[in-house]
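# Structural description and commentary
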Amino acid sequence: MLRVRFAPSPTGYLHIGSARTFIFNWLYARRNGGTMVLRLDDTDIERNTQASIDSIFDGLNWLNLSWDEFYRQSDRLDLHRAAAARILDQGLAYRDFTPATDSNAEEKAFDGPAWRSNPGQREMSKQDSDARAAAGEPFVIRFRVPRDPGRTVTFNDSVYGEQTKACEDIEDFALLRSNGMPTYHLASCADDADLRISHIIRGQDHLTNTFKHVLIFQALDAAVPQFAHLPLLIAPDGAKLSKRKHGPVVSVTTYRDAGFLPHSYVNFLCLLGWSPKDNREQMTRQEIVDIFSFEGINRSNAVVNFTETDPIDPKALWLNSQHLRSLPVAEILPAVTATLIAAGLAPLADPAHYARVVDLIRARYTTLLDFATKGRPYFAADFPIEPAALEKLDVPGARELLRDLAARLEADPVFTEATVEQHLRALATERGVKAGVLINGSRAALTGQAVGPSAFHLFTAAGRERSIARLKAVSR
RNA sequence: GGCGCCAUCGUCUAAGGGUUAGGACGGAGCCCUCUCAAGGCUCUAAUAGGGGUUCGAAUCCCCUUGGCGCUACCA
């Protein structure tokens, strides 16, 4: 039974790196008929926030990502404590009565010889240990890392290959804090074992932690899961992406608010650190599910290419524009409608006509937001006349020609692209002007923009009455 | 400091001993054309450095350099 999990700690907004980790887990589960578990690793009570939990759900929901089972680590503390007790009872862990000091943590990590354990604690007799614990003295439970010379821990990573580390390079890490709360390592492994997680797919920042985890799984007498570590997402300066340092680029909601289609962002994230190896880039979700495998995952970190002036990776934008213009219109319509409504606009009443108009303009847009900004003239009665459009209208004789065109359209009950074109070209020929004057003038009159779709399409997009009215409006 | 991981165009990547080192984004240009897009075409730009192994290395090995990660009673 294949089971994977995504286990975020709710201490901040849903990070794009976390979202990608979810996606890879999800893809692997869907690809292989497995079960996707979502587990909140919320043992760090001080740093957890409800806002963060909301952000995780919001982000995942927006991206259209689903899971099959849900757990909270804080509901499972008894399990973690029992696991710690079991390891302790076997003699595979020991109590460390050294008082916690917050000052020496970094010092012992960076100065002098590497710290392995506190003197006198690991070697303490069971009697002394039990007695001191019974007397109420606080302690932390540490894993008793094997110290036999030459002893190593090994596992085979699906991405990074065989990994081996000497036990002498692994410190006696904590399992249970003196306040009775499990550490991340213990809680994570105890839960993974209990939930029978078969594959752990997570960020490469856990690669070296994995040796400790293998030790815990073995101490728990549990099957060691298969590991697959993912290369990290980093900033252009090479640093790990962080909210504090890089701002909104790390948050999934930024891309939602920037007008991305959920799937196009998923598509983009997939391409960071993974490749289908056949030059495909724009893919449907099903295509990605069908082709996803660990073989396509890279080992080097991937840069999210943003700048101070432009917080969004140009490739993400390009991918979004590709999806926007190539998906069946019906599939993007709900998102377009939501965007319009959010901007105080309304979709067109006639669904078929609405779909045609969206189809007409979408090839020029890169995000959903464009429908409400550049697309305003298609959905609103009032819109600005851009300077460039004004120039088209101020071509000598243009306004008079547009007035006359309005008259001819008004006189003809038939109103199609073909009839509009006939009238327009006939008028131009009669007056001895280039059709472009009328064509560009019409575009300027109908949309207030100098650029856009073919003018003849614009007439049918606006409809007979509105077209005539707008031509008249600019010819006064 | 110790241990580990990584290293192809600016960015995402392909090529896992033999290719003019391929594709995409970005940038530049051309074509198309009623404008702008789209689309098509062209150009731009890379194997970090040094040693090996081999008839032949982007590819295998070693060293150097650089980047990242872990080294907490954080996760």
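Read on for a plain summary of the structure. Every chain is numbered independently, its residues counted from 1 as its sequence is written. In the order they appear in the text, chains get letters beginning with A and ligands get numbers beginning with 1. Per-residue local features of the predicted model are confined to residues with pLDDT of at least 70, and side-chain atom pairs are confined, for both listing and counting, to 80 or more; whole-chain, interface and lining totals are unaffected and use all residues. Excluding hydrogens and water, the side-chain values take into account all heavy atoms of the structure.

Once that is clear, we can look at the overall build of chain A. In this text, helices come from DSSP runs of H or I with a minimum length of four residues, and strands from runs of E with a minimum of two, each type numbered from the N-terminal end. Per the secondary structure count, chain A includes 22 helices and 12 strands. Values of the radius of gyration come from C-alpha atoms, whereas the globule rule sets the reference at 2.2 Å times the count of residues to the power 0.38. The C-alpha radius of gyration computed for chain A amounts to 31 Å, which surpasses the reference 23 Å derived for 476 residues by more than 25%, pointing to a less compact arrangement than a globule. Dimensions along the principal axes, computed over C-alpha positions, put chain A at roughly 110 × 40 × 35 Å. Out of the 476 residues belonging to chain A, those deemed buried represent 51%. Sequence-distant contacts, at least 24 apart, represent 74% of the contacts inside chain A between residues at least 6 apart. Here the Shrake-Rupley method, with its probe set to 1.4 Å, supplies the accessible areas, and only the displayed protein chains count as covering residues. Carbon and sulfur atoms make up 52% of the accessible area of chain A, which totals about 22000 Å². The buried label applies to any residue whose accessible area, calculated with a 1.4 Å probe on protein chains only, is under 20% of its type's maximum; exposed applies above 50%, and partly exposed to all values in between. Residue contacts are defined here by distance: any two heavy atoms, one from each residue, within 4.5 Å place the two residues in contact.

Let us look at the state of the cysteines. Disulfide assignment relies on a single distance test, namely cysteine sulfur atoms paired within 2.5 Å. One pass over the full model with this rule turns up zero disulfides. Left without a disulfide partner, Cys 167 is nearest to the cysteine sulfur of Cys 189, which lies 15 Å away. Taking the relative accessible area as the measure of exposure, Cys 167 reaches 1% and is therefore buried.

Attention now moves to the pattern of salt bridges. Opposite charge on two side chains permits pairing when their charged atoms draw close. Any carboxyl oxygen of Asp or Glu within 4 Å of a side-chain nitrogen of Lys or Arg constitutes a salt bridge here. Counted according to the given criterion, the structure contains 33 salt bridges. Linking Arg 147 and Asp 172 is a salt bridge whose minimum nitrogen-to-oxygen distance equals 2.8 Å. Of this pair, Arg 147 sits in the loop between β5 (140-143) and β6 (152-157) while Asp 172 sits in the loop between β7 (161-166) and β8 (174-176), placing them 25 residues apart in sequence. Overall, the relative accessible area of 31% leaves Arg 147 in the partly exposed class. Owing to a relative accessible area of 0%, Asp 172 belongs among the buried residues under this scheme.

Right, let's get into the pairing of β5. Burial along β5 is two-sided: Val 140 and Arg 142 and Ile 141 and Phe 143, pointing in opposite directions, are all buried. Of the pairings in the sheet, the one linking strand β4 (residues 93-96) to β5 comprises four bridges and is antiparallel in character. Looking at β5, one finds that Ala 93 is bridged to Phe 143. Strands are treated as partners if at least two bridges between them are detected by DSSP.

This next bit is on unusual backbone geometry. A positive phi is found at Arg 196, a non-glycine position, where the angle reads about 55°. Take Arg 196: it is sitting in the loop between α6 (184-194) and β9 (199-203). You will see that Asp 221, though not glycine, has its phi angle at about 60°, which is positive. Looking at the element boundaries, Asp 221 is found in the loop between α7 (209-219) and β10 (226-230).

Now for α6. Within α6, eight of the 11 residues are buried, which leaves the element mostly enclosed by the surrounding structure. Turning to α6, its buried residues are His 185, Leu 186, Ala 187, Ser 188, Cys 189, Ala 190, Asp 191 and Asp 192. Those residues of α6 hidden inside the fold are in contact with β1 (3-6), β2 (35-40), α3 (77-89), β8, β9 and α7. Following α6 by one or two positions, Arg 196 has its phi on the positive side, about 55°.

For the rest of this paragraph, the subject is the nonpolar core. What tends to happen in soluble globular proteins is that the nonpolar side chains get buried as a cluster. Core analysis: the largest hydrophobic core is formed by 87 residues, its most contacted members being Ile 16, Phe 24, Leu 27, Phe 143, Leu 175, Tyr 265 and Trp 274. Those residues in contact with Leu 27 that sit more than four places away from it in its chain are Cys 270, Ile 288, Val 289 and Phe 292. With 48 residues, the next largest nonpolar core counts Ala 372, Ala 389, Leu 393 and Leu 424 among its residues. Nonpolar core, defined: a set of buried Ala, Val, Leu, Ile, Met, Phe, Trp, Tyr and Cys residues in which side-chain atoms within 4.5 Å join the residues together.

All right, on to the sheet that holds β8 then. On the basis of which strands lie adjacent, the open sheet formed by three strands has the order β4-β5-β8 and antiparallel pairing. Edge strands, defined here as strands with exactly one partner in the open sheet, are β4 and β8. On average, adjacent strands in this sheet sit at an angle of 40° to one another, irrespective of strand direction. Angles shown run from 0 to 180 degrees and are taken between the N-to-C directions of axes, each axis being a line fitted to C-alpha atoms and, for helices, limited to the stretch in contact.

Attention now goes to the environment of Leu 232. Topologically, Leu 232 is positioned in the loop between β10 and β11 (233-234). For Leu 232, a relative accessible area of 15% translates into the label buried. With 77 residues separating them along the chain, Leu 232 and Phe 155 place their C-alpha atoms 20 Å apart.

Take the packing of helix α14 (residues 351-361) against helix α21 (residues 455-462) next. Running from N to C, α14 and α21 cross one another at 150°; their axes reach a closest spacing of 10 Å. It follows that α14 is roughly antiparallel to α21 by the angle criterion. Classified by chirality, the crossing of α21 by α14 is left-handed. Listed contacts from α21 to His 353, Val 357 and Leu 360 of α14 are His 457, Leu 458, Thr 460 and Ala 461. In this classification, the charged set is Asp, Glu, Lys and Arg, the nonpolar set is Ala, Val, Leu, Ile, Met, Phe, Trp, Tyr, Cys and Pro, and all remaining amino acids, among them Gly, are polar. A per-class count over the contact of α14 with α21 returns four nonpolar, three polar and no charged. Any angle that falls under 35 degrees is termed roughly parallel, while one over 145 is termed roughly antiparallel, one within 65 to 115 roughly perpendicular, and all others oblique. By convention the crossing between two helices is left-handed if the near helix lies anticlockwise of the far one by an angle smaller than a right angle, and right-handed if it lies clockwise.

With that out of the way, let us pick up the packing of aromatic side chains. Here a pair means two rings of Phe, Tyr or Trp (six-membered ring of Trp) with centres within 6.5 Å. Their orientation is stacked below 30 degrees between planes, edge-to-face above 60, and tilted elsewhere. Inspection of the entire model under this criterion finds 18 aromatic pairs. Pairing Phe 6 with Phe 22 gives two aromatic rings, centres 5.2 Å apart and planes at 70°, and the pair type is edge-to-face. Taken as a pair, Phe 6 in strand β1 and Phe 22 in helix α1 (residues 16-31) lie far apart in primary sequence, 16 residues in all. Since its relative accessible area comes to 4%, Phe 6 is described here as buried. Residues Phe 97 and Phe 139 carry aromatic rings whose centres are separated by 5.6 Å and whose planes lie at 65° to one another, so their mutual orientation is edge-to-face. Of this pair, Phe 97 sits in the loop between β4 and α4 (104-110) while Phe 139 sits in the loop between α5 (126-134) and β5; the two residues are 42 residues apart in sequence, bridging distant segments of the chain. One aromatic cluster is present, built from ring pairs that chain together Phe 6, Phe 22, Phe 57, Trp 67 and Phe 70. Against the face of Phe 139 rests Arg 95, its NZ or CZ located 5.2 Å from the ring centre. Only Lys NZ and Arg CZ are tested; either one counts as a charge over a ring when it is within 6 Å of the ring centre and within 35 degrees of the ring normal.

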